[in-house]
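# A look at the structure
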Amino acid sequence: MNIAESVRFALTGVAANKLRSALTTLGILIGIAAVIILLAVGAGTGDAIKAQIGKLGTNVLTVSRATTAGGRSGGGAAVAGTRTRSTNLTTDDMAAITDPVLAPDIAAAAPLVQAQNVTGTYQDATHPVATFLGTTPSYFGIANDALAAGAYFTAADASSGAAVAVVGNTVAQDLFGDNTAAAVGQTVALNGQNFVVSGVLAAKGSSGLNDPDDIVVIPLAAAQDKFTGYSPSLNSISVQAGSADVMNQAQNEIQMVLDARHNVTATTRDYQVRNQAQVLSTATSTTQTLTILLGAVAAISLLVGGIGVMNIMLVTVTERTREIGIRKAIGASRGSIVSQFLIESLIISVIGGVMGILVGFAGSSFPLLGTKPEIQWWTVWLSFAVSAAIGLVFGIYPANKAAKLRPIDALRYE
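Residues numbered from 1 in each chain as written. Predicted model: local features only at pLDDT ≥ 70, side-chain atom pairs only at ≥ 80, totals over all residues. Heavy atoms only, no water.

## Remarks on the packing of aromatic side chains
By the definition in use, this model includes six aromatic pairs. Note on Tyr139 and Phe140: the rings are 5.8 Å apart at their centroids and 70 degrees apart in plane angle, and the pair reads as edge-to-face. Chaining the aromatic ring pairs together yields one cluster made of Tyr139, Phe140, Tyr152 and Phe153. (Phe/Tyr/Trp six-rings, centres within 6.5 Å; stacked < 30°, edge-to-face > 60°.)

## Observations regarding empty space enclosed by the protein
Summed over the entire model, instances satisfying the criterion amount to one cavity of 30 Å³ or more. Estimated volume of the largest cavity: approximately 50 Å³. Looking at the lining of the largest cavity element by element, the count peaks at three residues for helix α9 (residues 276-319). Each residue belonging to the lining of the largest cavity can be placed in one class, and the counts come to four nonpolar, four polar and two charged. (1 Å grid on protein atoms, 1.4 Å probe; cavity = no way out; pocket = protein on both sides within 12 Å on 5 of 7 lines; lining within 4 Å. Points joined across faces, edges and corners; volume = space filled by probe spheres on them. Helix = DSSP H or I, 4+ residues; strand = E, 2+ residues; numbered from the N terminus. Nonpolar A, V, L, I, M, F, W, Y, C, P; charged D, E, K, R; others polar.)

## Thoughts on the packing of helix α10 (residues 321-329) against helix α11 (residues 334-363)
In helix packing, the relevant descriptors are the interaxial angle and the interaxial distance, both defined with respect to the helix axes. For the pair α10 and α11, the least separation of the axes is 10 Å and the interaxial angle reads 145 degrees. Crossing hand, α10 versus α11: right-handed. Taking contact as the criterion, the partners of Glu323, Ile324, Arg327 and Lys328 in α10 are, on α11, Ser336, Ile337, Gln340 and Phe341. When its residues are assigned to classes, the contact of α10 with α11 shows three nonpolar, two polar and three charged. (Axes fitted to C-alpha atoms, helices over the stretch in contact; angles between N-to-C directions. Left-handed = near helix turned anticlockwise from the far one by under 90°. Contact = heavy atoms within 4.5 Å.)

## Examining the pattern of salt bridges
Taken as a whole and assessed by the stated rule, the structure comprises three salt bridges. Across the pair Asp145 and Lys204 runs a salt bridge whose closest N-O atoms are separated by 2.7 Å. Here Asp145, found in the loop between α4 (138-142) and β9 (147-150), pairs with Lys204, found in the loop between β12 (193-201) and β13 (215-219); they are 59 residues apart in sequence, far enough to count as distant. On the basis of relative accessibility, which here comes to 10%, the residue Asp145 falls in the buried class. Residue Arg269 pairs with Asp259 through a salt bridge whose shortest N-O separation is 3.0 Å. One end of the pair, Arg269, is in the loop between α8 (247-262) and β16 (271-275); the other, Asp259, is in helix α8, and ten residues separate them in sequence. (Salt bridge = Lys/Arg side-chain N within 4 Å of Asp/Glu carboxyl O. Buried < 20%, exposed > 50% of the residue type's maximum accessible area, 1.4 Å probe, protein only.)

Function cannot be read off these values alone, since they describe shape.
Right, dumping it as structure tokens:
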């Protein structure tokens with residue numbers, strides 16, 4: 001019997017029990033769709049995290065203050081102490097790490113002071129500001145901030161303490177409505193202090209954990225004068241490396257300069273350097289692990305579907321024992337019996353695989369948990385191959401069982 005004849009017999013067998021075949025196909029469909037959707041969610045989550053980190057600035061390192069535990073010794077023995085000390089990052093530190101001789105891989109730096117519990121008010125609208133910074137114009141380039149309207153404040157504004165502010169999209173929307181450009185030139189009260197809005201930042205989009213658009217940036221001198229008090233101390237220094245390739249060199253240069261200035265060593269540093277590239281690497285590793293776990297969960301459902309195919313094919317062989325006996329009695333070869341049931345199993349699995357791919361595409365077109373799934377095309381081809389493999393692998397045993405039946409035993413089966 002040729003392949004065409006085997007396919008015809010297999011299709012007849014599938015059509016003979018439509019509901020059972022449909023339910024078996026459903027198991028494969030769910031498994032394949034789960035693989036595509038869950039891997040798409042994992043990939044979409046990874047892309048979203050990378051995009052959010054990229055929006056916060058490229059090639060960026062952040063130098064921040066760190067509190068370290070102190071101790072004292074006496075009587076020849078160490079005595080634990082509860083005293084702590086905190087570094088004071090200063091504008092002199094910032095000048096030192098931007099020295100082209102001491103730190104040739106540093107492209108730019110910006111001092112940052114931060115005030116808490118600042119509320120913006122315009123007419124009857126109020127908005128509690130999540131991030132309130134005092135800095136210099138170089139910050140906007142380092143943070144990869146683009147303007148939606150207006151202009152940044154200038155270096156002269158930063159040094160003179162001019163009462164101007166650049167506001168994020170969220171702040172502008174809450175205070176001025178959807179027409180955020182209308183904020184430019186208007187006077188807002190920040191904790192009762194009047195500031196003129198010079199610009200509105202383009203929206204970066206919320207990451208779910210925080211909102212980078214909920215921000216107000218004012219000149220450094222103005223922040224120190226009206227909110228934090230004049231002090232040489234900074235909350236942190238934002239630093240931009242010359243390129244992504246020299247991030248580690250830039251970090252080493254920062255540490256070398258500050259270790260010398262603060263008279264500390266690698267084990268006693270009173271500051272910390274956060275490398276954006278390391279953050280991205282950690283986030284990427286985490287999302288890859290998440291994707292693998294999601295794929296493993298989907299694979300389990302696919303395995304269950306394959307077991308369902310084997311179970312149904314064993315039932316089919318049992319029900320059609322007399323038919324198998326008749327075919328073998330009139331000369332059907334063992335190979336033709338195997339091919340018939342193997343093709344039947346393959347048809348059920350492939351139909352389920354194709355339908356699962358379609359459902360996977362449909363399911364991946366909608367945001368899930370705030371994330372837009374990103375379909376990986378290799379998962380589509382892999383899913384189709386896996387569905388065909390399931391039909392072959394889980395159909396081999398039932399097909400062999402059918403082929404091994406002795407004609408006399410099969411004809412006598414009730």
